[in-house]
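Residue-level listing of the chains:
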Number of protein chains: 2
Amino acid sequence: MALKKVGAQTISFPNRPAILNWATVTGPREGEGPMGSYFDMVGEDPLLGQESWEKAEQRLMQYSVELVLSKLGWQPQDLDFLFAGDLLNQIISSNFTARELGVPFFGLYGACSTLAEGMALAGILIDGGYGDKIGVAAVSHHNSAEKELRFPTELGSQRAMTAQWTVTGAGAYIMAPSETGSPAGWHLTMATIGKVNDLGVQDSNDMGSAMAPAAFDTIMTHFEDTGRGMADYDCIVTGDLGSLGNKVLLDFFQKANLNPEPVTDCGLFIYDETQDAHSGASGCGCSAVVFGPLFLEGRWNKPLNRVLFVGTGALLSPATSFQGETIPTIAHAVCLERGN
Amino acid sequence: MALKKVGAQTISFPNRPAILNWATVTGPREGEGPMGSYFDMVGEDPLLGQESWEKAEQRLMQYSVELVLSKLGWQPQDLDFLFAGDLLNQIISSNFTARELGVPFFGLYGACSTLAEGMALAGILIDGGYGDKIGVAAVSHHNSAEKELRFPTELGSQRAMTAQWTVTGAGAYIMAPSETGSPAGWHLTMATIGKVNDLGVQDSNDMGSAMAPAAFDTIMTHFEDTGRGMADYDCIVTGDLGSLGNKVLLDFFQKANLNPEPVTDCGLFIYDETQDAHSGASGCGCSAVVFGPLFLEGRWNKPLNRVLFVGTGALLSPATSFQGETIPTIAHAVCLERGN
């Protein structure tokens, strides 16, 4: 059997698994932003009628999976497997969603790289014939994330200008064999699995700068493994470095004498300047709600036929931060190409 | 392409990935127990010379991976991918281990089901030709787990008799294509991926009872999917229900008119009665240090040619427990068969 691994860290998918459909659900703040009309469902209040931020977060993910299934006319039991993860301890939003849906479940932890990690793994299962209807979901909630990773929002702590705003939102994507046909024409063709990077950033209010080296490392490795370069991509979209992290990444490319023109970031589009989000958006849910509606649905500022989506995770834990550790980061890249 | 999915939740591995080797590292308490001489390395103190329980836990995992690599004469860079997870928030032990080793990394969260979840996924990658040297590792540390999930040990809280003792230990397993040859002759032939079960147990001091229904559900689904039954297995070993959870599981089988003779549990063997572990052992690290040395290395009380290893995870989070939620649980089963 020919090894489908290309170079040091890249997997190729000769059978081109299809991204069949996706659905996004957000909180009200995201609904008020520039992308508001693109989301499938926008909650009226950030608690979604629940008693806690954590329960609201779980509902976001559950609704996103139920919505994408309803778009396809499927029931939860039609799914072979679900890959899911979130930012909370013990990935509770994902566990409880899997409980509610009753589907065979692989729990992932990759912080904001979760969607890309899940797409890579689901792609492997589909490509290799180990399943033919696989869900991938990621969620974050601003208030539960702040409570967990920084300061509970109830404290009213001032946010640093370098901080990103964790998105209240969830996205669910369904992958299936290529021959199932992809309405939007998107197929997974490669994945580059990241190593954990750590350039010594300790500031939980500047995760974009912490994650930029991981994104750079994975993208450069992808180029090396595949022989491709910047010009081979219509768009290389990270998720989510925010505005500061995006600048750091562009700097890295310029110093490497590469024109970073195709490079952008999911964290730049959810909030506008009046929404006081500082360095842009972040969280597992950010790229999950931006990637489909903005890039796969053809709303980007030019036609896209080949996109590299680079999920970037800051593997931040309060426990290790209190112990003086720096923030390890990781980035996984998935290449999506259009055309059946 | 023929779908390699069998029944509702089971994957078959026609190429029979090999379990190439494994290594185990524990704390001193585990070294003093009946299995002490089976472990590759036993730490002299539970801090392993580190400043915190969390840093000690990270070292356990790192040492286990380094040890199994050294057994094979490999370096970390020889690994295509590493799958790893632990019990701590944001799976910090695994993230920092991946940072130290510098290998492409998939982060998992499945509580004590992590090793089985990782073996299933690594098996898919090997079987499908997406990699040929893949590591799977899991770790837990008694003191960091108690601090995170129940009471910091420094408080000296009395433990309930139903409580299991979280193992301070790590295990790392290497999987490779069948033709690489497996010195111990073990190959992965099937995996049954669990659904999240929840029969309403709320007591974080009785996780065995919470997990038993998940184990039962996955084993019964495995039988249904494959047409196999109890008698087809030399041993069905859960990890880790402990003595109480094991009794609950045996009851379930008896009520289903199945003779549970092959059924045992990894949590029953690490500590003896003098060690006051109450309901037995648990934690990601428990099955990780028991499964290889006791079952794969031929120390079980009869010869083994076909084993079903059922990793059982209590997806317990203090946040949801405080909010009155019950403990969702999951079990993933992997079938290992002997013979090249």
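Calculation criteria
Residues numbered from 1 in each chain as written. Chains lettered and ligands numbered in written order. Predicted model: local features only at pLDDT ≥ 70, side-chain atom pairs only at ≥ 80, totals over all residues. Helix = DSSP H or I, 4+ residues; strand = E, 2+ residues; numbered from the N terminus. Rg over C-alpha atoms; globule rule 2.2 N^0.38 Å. Buried ≥ 20, exposed ≤ 12 C-beta atoms within 10 Å, placed from the backbone. Contact = placed C-beta atoms within 7 Å. Domains from an automatic or database assignment. Nonpolar A, V, L, I, M, F, W, Y, C, P; charged D, E, K, R; others polar. Expected span 1.5 Å × (residues − 1). Least-squares fit on C-alpha atoms with pLDDT ≥ 70 in both. Pairing = 2+ DSSP bridges. Core = buried A, V, L, I, M, F, W, Y, C linked by C-beta atoms within 7 Å. Axes fitted to C-alpha atoms, helices over the stretch in contact; angles between N-to-C directions. Parallel < 35°, antiparallel > 145°, perpendicular 65-115°, else oblique. Left-handed = near helix turned anticlockwise from the far one by under 90°.

**A closer look at the overall build of chain A**
Helix and strand counts for chain A come out as nine helices and 15 strands. Rg of the C-alpha trace for chain A: 18 Å, near the compact-globule value of 20 Å for 340 residues, within the 12% margin. Counting only C-alpha atoms, chain A reaches 55 × 50 × 40 Å along its principal axes. Out of the 340 residues belonging to chain A, those deemed buried represent 65%. Contacts in chain A between residues at least 24 apart in sequence constitute 79% of all its contacts with a sequence separation of at least 6.

**Some thoughts on the environment of Leu316(B)**
With respect to the helices, strands and loops of the structure, Leu316(B) is situated in the loop between strand S14 (306-314) and helix H9 (318-322). A residue is classified by how many C-beta atoms lie within 10 Å of it, and Leu316(B), with 26 of them, is buried. Expressed as a C-alpha distance, the spacing of Leu316(B) and Ser209(B), which sit 107 residues apart in the sequence, is 13 Å. When neighbours within four sequence positions are excluded, Leu316(B) is seen to be in contact with Gln90(A), Leu149(B), Ser204(B), Met207(B), Ser321(B) and Ile327(B).

**Describing the domain arrangement of chain A**
Residues and elements named next belong to chain A. Examined at the domain level, chain A breaks down into domain 1 (5-178) and domain 2 (188-338). Of the residues lining the interface, 55 residues belong to domain 1; the matching set on domain 2 comes to 60 residues. Looking at the side of domain 1 that touches domain 2, the element that brings in the most residues is helix H4 (residues 114-128), giving seven residues. Here the residues of the side of domain 1 that touches domain 2 sort into 29 nonpolar, 19 polar and seven charged.

**Let's talk about helix H6 (residues 207-226) of chain A**
One turn of the α-helix equals 3.6 residues, which is why residues spaced by three or four share an orientation. All names here are of chain A. Over its 20 residues, H6 extends 29 Å from the first C-alpha to the last, a length consistent with the 28 Å expected when each residue adds 1.5 Å. With respect to burial, H6 is a largely interior element, 16 of its 20 residues being buried. Backbone geometry just after H6 places Gly 227 at a positive phi near 75°.

**Describing the interface of chain B and chain A**
Taken together, the contact between chain B and chain A spans 53 residues of the former and 52 residues of the latter. Of all the elements in the fold, those that place two or more residues in the side of chain B that touches chain A are strand S5 (81-86), helix H3 (92-101), strand S6 (105-107), helix H4 (114-128) and H9 of chain B. Residues of the side of chain B that touches chain A, tallied by class, amount to 27 nonpolar, 17 polar and nine charged.

**Points about the relation of the copies chain B and chain A**
The transformation that overlays chain B on chain A combines an axial shift of 0.0 Å with a rotation of 180°, and the residual RMSD is 0.0 Å. With respect to symmetry, the two chain copies, as superposed, fit the operation of a two-fold axis. Mapped onto chain A, 98% of the interface residues of chain B again fall at the interface, so both copies present the same surface.

**Let's talk about the environment of Glu32(A)**
Relative to the elements of secondary structure, Glu32(A) occurs in the loop between helix H1 (28-31) and strand S4 (41-42). Remark: the alpha-carbon pair of Glu32(A) and Ile270(A), spanning 238 residues in sequence, is separated by 9.0 Å.

**Here we look at the pairing of S5(B)**
Working note: regular strand, side chains alternate between the two faces of the sheet. All names here are of chain B. Counting buried residues along S5, six of its six residues qualify, which places the element largely inside the surrounding structure. The two faces of S5 match: Phe 81, Phe 83 and Gly 85 on one face and Leu 82, Ala 84 and Asp 86 on the other face are all buried. Sheet topology places S5 next to strand S7 (residues 134-140); six bridges connect them, and they run parallel. Pairing of Asp 86 across the sheet is with Val 139, part of S7. Here S5 runs beside S6; their pairing, made up of three bridges, is parallel. Among the inter-strand pairings, Ala 84 is bridged to a residue of S6, identified as Gly 107.

**Description of unusual backbone geometry**
Negative phi values dominate among residues other than glycine, just as trans dominates among peptide bonds. A cis amide bond links Gly239(A) with the next residue in sequence, Asp240(A), at an omega value of 10°. Inspection of the secondary structure puts Asp240(A) in the loop between strand S11 (235-239) and helix H7 (242-255). Of note in the backbone geometry, Arg16(B) takes a positive phi value of approximately 50° without being a glycine. Within the secondary structure, Arg16(B) sits in the loop between strand S2 (10-12) and strand S3 (18-26). Residue Arg16(B) is classed as buried on the basis of its 21 C-beta neighbours within 10 Å.

**Observations concerning the environment of Gly208(A)**
All names here are of chain A. One can find Gly 208 in helix H6. Since 30 C-beta atoms lie within 10 Å of it, Gly 208 is described here as buried. Spatially, the C-alpha atom of Gly 208 lies 36 Å from that of Gly 181, the residues being 27 residues apart in sequence. Those residues in contact with Gly 208, other than ones at most four positions away along the chain, are Gln 164, Leu 241, Gly 242, Leu 244, Gly 245, Val 248 and Ser 279.

**What about the nonpolar core?**
Grouped together as the largest cluster of nonpolar side chains are 233 residues, with contacts concentrated most on Met175(A) and Met175(B). If we ignore the near neighbours within four places in the chain, the residues touching Met175(A) are Pro17(A), Ala18(A), Ile19(A), Leu20(A), Ala122(A), Gly123(A), Ile126(A), Ile134(A) and Val136(A).

**Observations regarding the packing of helix H6 (residues 207-226) of chain B against helix H7 (residues 242-255) of chain B**
Helix-helix packing is described using two parameters, namely the angle between the two axes and the distance between the axes. All names here are of chain B. Interaxial distance between H6 and H7 falls to 8 Å at its minimum, and their mutual angle equals 40°. Between H6 and H7, the crossing angle belongs to the class labelled oblique. Considering the relative orientation of H6 and H7, their crossing is right-handed. Together, Gly 208, Ser 209, Met 211, Ala 212, Ala 215 and Phe 216 of H6 and Gly 242, Leu 244, Gly 245, Val 248, Leu 249 and Phe 252 of H7 make up the contact between the two elements.

**Some points on the pairing of S7(B)**
Residue and element names in this part refer to chain B. Burial analysis of S7 places seven of its seven residues in the buried class, which makes it a mostly covered element. Alternating positions in S7 separate into two faces, Ile 134, Val 136, Ala 138 and Ser 140 on one and Gly 135, Ala 137 and Val 139 on the other, with burial throughout. As defined by bridge partners, S7 adjoins strand S9 (residues 169-176) across seven bridges and the pair is classed as antiparallel. Along S9, the bridge assignment pairs Val 136 with Tyr 173.

**Quick word on H3(B)**
Among the ten residues of H3(B), nine are classified as buried, and the element is accordingly described as predominantly covered. Three or more residues of H3(B) are buried, namely Ile92(B), Ser93(B), Ser94(B), Asn95(B), Phe96(B), Thr97(B), Ala98(B), Arg99(B) and Leu101(B).

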